[in-house]
Amino acid sequence: MENQNSTNNTPNTTAKPANKNKVLLPILVAVVMVLLAVIAFMVGRNYGSTTQPATPSTPANTTTDAATAEQTAEAPAPRPDMAQPITDKTTLDLIKTLPKREEGDPLTLGPVDAPVVMIIWEDYACPMCTKFKTDSFDTVRKYADEGKIRIEWRDMAIFAQNYHSDLAAIGGRAAANQGKFWEFNTAAFASAGAGNHPTYDEASVLEIAKQAGVPDLEKFKKDFADPELAKKVNDDTAFAQSIGIGGTPFFIIGDAAVSGAYPTEYFVNTIEDRIANLK
């Protein structure tokens, strides 16, 4: 009904406030729009800083079409199709010392003299480790079964404090004493479930051992309580952190490094490239 008052030619006491409001309204709208723009900029900047690595900024193109800008924002950044070999000499010298190539090591797959060694650092409570195991491991394992690579497992129990993942790691080594490491490994990640941080205790580890087909559960319990196995898990974790590995899963494939659960083809391409590079 404010429009009806504006058509009345007779002056009254409400006319001046109405005119004043008309003047203030555009100003208030402008202020609100500026504030919203600032908030949107800050939110966008904070979001980008947690999802993308820091890169030098480039001047904004103010003539970019809005639809094109929206498509660019939605399109995922291109990813390389394989890990590139490391070129830093110091890092390469370190990597050469990492493969153990120990005959009879139950935490390995593939021949001891395979041309390429793939070292895996994982945590049993790590969702991305579960993803790699579920999505890619069987494909990668075929290369070990064919004698093209050797896979060597390393424990990195970074979730020991919150989820007691070190207990699962100890269980894996206790199962390894009966030749059932990889069966335990598979059963543990299967029980974890996609996207979860499972919490372990002695009962859950024993249940995983049963699912893995560990034949002598009494021996398993005895080995599980052996402080020497706990020391091996702690030593693996401490060493990985000492050389700069900050998270799981992490992989060394020949002279290339992969951090994270990339798509299966990324691992396949990296393995194939490293094998071809040796020829």
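Conventions used here
Along each chain, the written sequence defines residue order, and numbers are assigned to residues from 1. Local features in a predicted model are, by the rule used here, given only for residues with pLDDT of at least 70; side-chain atom pairs are given and counted only at 80 or more, and totals for whole chains, interfaces and linings are based on all residues. As a convention, hydrogens and water are excluded, and side-chain values are obtained from all of the structure's heavy atoms. By definition, any uninterrupted DSSP run of H or I lasting at least four residues is a helix, any uninterrupted run of E lasting at least two residues is a strand, and each is numbered from the N terminus. When accessible area is computed with a 1.4 Å probe and restricted to protein chains, residues below 20% of their type maximum are described as buried, those above 50% as exposed, and intermediate ones as partly exposed. Two residues qualify as a contact provided that any one of their heavy atoms is within 4.5 Å of a heavy atom in the partner residue. Computed with the Shrake-Rupley method and a 1.4 Å probe, the accessible areas treat only the protein chains shown as cover for residues. Each aromatic pair joins two rings of Phe, Tyr and Trp (for Trp, the six-membered one) with centres within 6.5 Å, and gets the label stacked for planes under 30 degrees apart, edge-to-face for over 60, and tilted for any other angle. Lysine and arginine charges are scored as sitting over a ring when NZ or CZ, respectively, is within 6 Å of the ring centre and within 35 degrees of the ring normal. Per-residue confidence from the predictor is given as pLDDT, running between 0 and 100. Within this document, salt bridges are pairs made up of a side-chain nitrogen of Lys or Arg and a carboxyl oxygen of Asp or Glu, the two lying within 4 Å of each other. At least two DSSP bridges between two strands are needed for those strands to be called paired. Here, axes are lines fitted to C-alpha atoms. For helices the fit covers the stretch in contact, and angles between N-to-C directions go from 0 to 180 degrees. Among buried residues, the Ala, Val, Leu, Ile, Met, Phe, Trp, Tyr and Cys ones that are joined through side-chain atoms within 4.5 Å form a nonpolar core. Expected span of a helix, by definition, is 1.5 Å for each gap between consecutive residues, and there is one gap fewer than residues.

Some remarks on the overall build of the protein
Working step 1: Helices and strands together make up the secondary structure of the protein, namely 13 helices and 5 strands.
Working step 2: Per-residue burial for the protein yields a buried fraction of 34% across its 279 residues.
Working step 3: Pairs at least 24 residues apart make up 77% of the contacts formed inside the protein by residues separated by at least 6 positions.
Working step 4: Accessible area of the protein: about 17100 Å², with a carbon and sulfur share of 56%.

Topic: the packing of aromatic side chains
Working step 1: Going through the model one piece at a time under the given rule, you end up with 17 aromatic pairs.
Working step 2: Between W153 and W182, the ring centres sit 6.4 Å apart and the planes meet at 90 degrees, which makes this aromatic pair edge-to-face. With W153 in strand β3 (residues 149-155) and W182 in helix α9 (residues 181-192), this pair connects stretches of sequence that are 29 residues apart.
Working step 3: Residue classification places W182 among the buried residues on the basis of a relative accessible area of 7%.
Working step 4: When the ring centre of F137 is taken as origin, the NZ or CZ atom of K133, which lies over that ring, is 3.8 Å away.

Remarks on unusual backbone geometry
Working step 1: Cis rather than trans, the peptide bond between T248 and P249 has omega equal to -5 degrees.
Working step 2: On the secondary structure map, P249 appears in the loop between α12 (227-242) and β4 (250-253).
Working step 3: For R101, which is not glycine, the phi dihedral falls at a positive 50 degrees.
Working step 4: Turning to its location among the elements, R101 is positioned in the loop between α4 (89-96) and β1 (108-109).
Working step 5: Its identity as a non-glycine residue notwithstanding, H164 has a phi of 55 degrees, on the positive side.
Working step 6: By the element assignment, H164 lies in the loop between α7 (160-163) and α8 (165-176).

Quick word on the confidence of the model for the protein
Working step 1: Mean pLDDT over the protein: 80, with 71% of residues reaching 70 or higher.
Working step 2: The low-confidence segment residues 1-78 (pLDDT under 50) makes 2 contacts with residues lying over four places distant or belonging to another chain.

With respect to the pattern of salt bridges
Working step 1: For the coordinates displayed, the defined rule picks out 13 salt bridges.
Working step 2: A salt bridge links D236 to R173; the shortest N-O distance between them is 2.8 Å. Separated by 63 residues along the polypeptide, D236 in helix α12 and R173 in helix α8 bring together distant segments of the chain. The same class applies to D236 as to R173, namely buried.

Some remarks on the sheet that holds strand β2 (residues 116-122)
Working step 1: Here we have 5 strands laid out as an open sheet, ordered β1-β3-β2-β4-β5, and mixed in their pairing. What marks the edges here is a single partner per strand, and that holds for β1 and β5 (256-259).
Working step 2: Where β4 lies against β5, 4 bridges are found, and the strand directions are antiparallel. Note that in β5 the partner of I252 across the bridge is A257.
Working step 3: Helix-sheet contacts for α9 involve β1, β2 and β3, and the interaxial angle to β3 is about 65 degrees.

Quick look at the nonpolar core
Working step 1: Within the largest apolar cluster, 53 residues are counted, with the highest numbers of intra-cluster contacts made by M118, Y124, F132, I149, I151, F184 and F220.
Working step 2: Top element by residues in this core is α9. It accounts for 7 residues.
Working step 3: Apart from residues lying up to four places away in sequence, F132 is in contact with M118, I120, E122, F137, V140, F251, A261 and F267.
Working step 4: Among the nonpolar cores identified, the runner-up in size contains 12 residues, and I95, I119, W121 and F250 belong to it.

What to know about α9
Working step 1: For α9, which comprises 12 residues, the first-to-last C-alpha distance of 17 Å matches the rise-based estimate of 16 Å (1.5 Å per residue) to within 8%.
Working step 2: Among the residues of α9, those classed as buried are F181, W182, F184, N185, A187, A188, F189 and A192.
Working step 3: At the C-terminal side of α9, G193 shows a positive phi close to 85 degrees.

Details of the environment of N234
Working step 1: Topologically, N234 is positioned in helix α12.
Working step 2: Each C-alpha atom of the pair N234 and D155 lies 8.1 Å from the other, and the pair is 79 residues apart in sequence.

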